[in-house]
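Now for the letters of each chain:
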Amino acid sequence: MSDHKVIGYAASLSKGRYFAHGGAMLVAGEEKILRGCIESAYKRKSALAKYQIKKIRFWEIQLWLNNGTSVSFDEISYNRFAECTIEEGKKIKYESFPPELKEKSQGVPIIKVTHR
């Protein structure tokens, strides 16, 4: 069942408050990518101490989206998310991470997903 599949990692400041990138909560496919985004945003490694990094599962993302939270994904996490969404029989705009986003990006390319 895809509900419990780990999609990626998110950094929590406190309950319900997560690190955002691209105007939405960031879910990165690898912990090191997430750490790099936080360091880059704050311009110092000590910023990581504020956050608790946790694994994010598909069901959590579904819950956030259904509650109106927007989520930003990097390529790795988006492809996992898209695969689970398709397995659930739901429609999704992109079946895999759009190549044009990688070409335009100057850092970690992300795609923002909101509930329709």
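Please read all numbers here as calculations on a predicted model, not as lab measurements.

Enquirer: I tried to follow the overall build of the protein on my own but got confused; where do I start?
Expert: Looking only at helices and strands, the protein has 4 helices and 7 strands in total. Each helix and strand of the protein, ordered N terminal to C terminal, gives the series β-β-β-β-α-β-α-β-α-α-β. The C-alpha atoms of the protein give a radius of gyration of 14 Å, which matches the 13 Å a tight globule of 116 residues would have. Viewed in the frame of its principal axes, the protein has a C-alpha envelope of about 40 × 35 × 20 Å. Out of the 116 residues belonging to the protein, those deemed buried represent 38%. Within the protein, counting contacts between residues at least 6 apart in sequence, those at least 24 apart form 61% of the total. Surface accessibility of the protein: about 7,000 Å² in total, with carbon and sulfur atoms responsible for 48%. When the 20 positive and 13 negative side-chain charges of the protein are each reduced to one mean point, those points stand 8 Å apart.

Enquirer: Help me understand the side chain of Ser77, please; the structure alone is not making it clear to me.
Expert: Its place among the elements puts Ser77 in helix H3 (residues 75–87). You can call Ser77 buried: its relative accessible area is 0%. Apart from the residues lying within four places of it in its own chain, the contact partners of Ser77 are Ile7, Val27, Ala28 and Gly29.

Enquirer: Please explain the environment of Ile61 as it appears in this structure.
Expert: Mapped onto the elements, Ile61 comes out in helix H2 (residues 58–66). Judged by its relative accessible area of 0%, Ile61 is buried. Once the C-alpha coordinates of Ile61 and Val71 are considered, the two residues, 10 residues apart in sequence, prove to be 7.8 Å apart. Sequence-distant contacts of Ile61, that is, excluding residues within four places in its chain, are made with Ile7, Ile56, Phe73 and Phe81.

Enquirer: Quick question: what am I supposed to make of helix H1 (residues 31–42) here?
Expert: Every α-helix winds through 3.6 residues per turn, so residues three or four apart in the chain are directed the same way. With 12 residues, H1 extends 17 Å from end C-alpha to end C-alpha; this agrees with the ideal 16 Å at 1.5 Å per step. All buried positions along H1 are accounted for by Leu34, Cys37 and Ile38. The arc enclosing the buried residues of H1, seen along the axis, measures out at 95°, which places them on a common side. Buried positions along H1 lie against strand S1 (6–14), strand S4 (24–27) and strand S5 (52–57).

Basis of the calculations
Residues numbered from 1 in each chain as written. Predicted model: local features only at pLDDT ≥ 70, side-chain atom pairs only at ≥ 80, totals over all residues. Heavy atoms only, no water. Helix = DSSP H or I, 4+ residues; strand = E, 2+ residues; numbered from the N terminus. Rg over C-alpha atoms; globule rule 2.2 N^0.38 Å. Buried < 20%, exposed > 50% of the residue type's maximum accessible area, 1.4 Å probe, protein only. Contact = heavy atoms within 4.5 Å. Areas by Shrake-Rupley, 256 points an atom, 1.4 Å probe, with all protein chains shown as cover. Lys, Arg positive; Asp, Glu negative; His and termini not counted. Charge placed at Lys NZ, Arg CZ, Asp CG, Glu CD. Expected span 1.5 Å × (residues − 1). Arc of directions from axis to C-beta.

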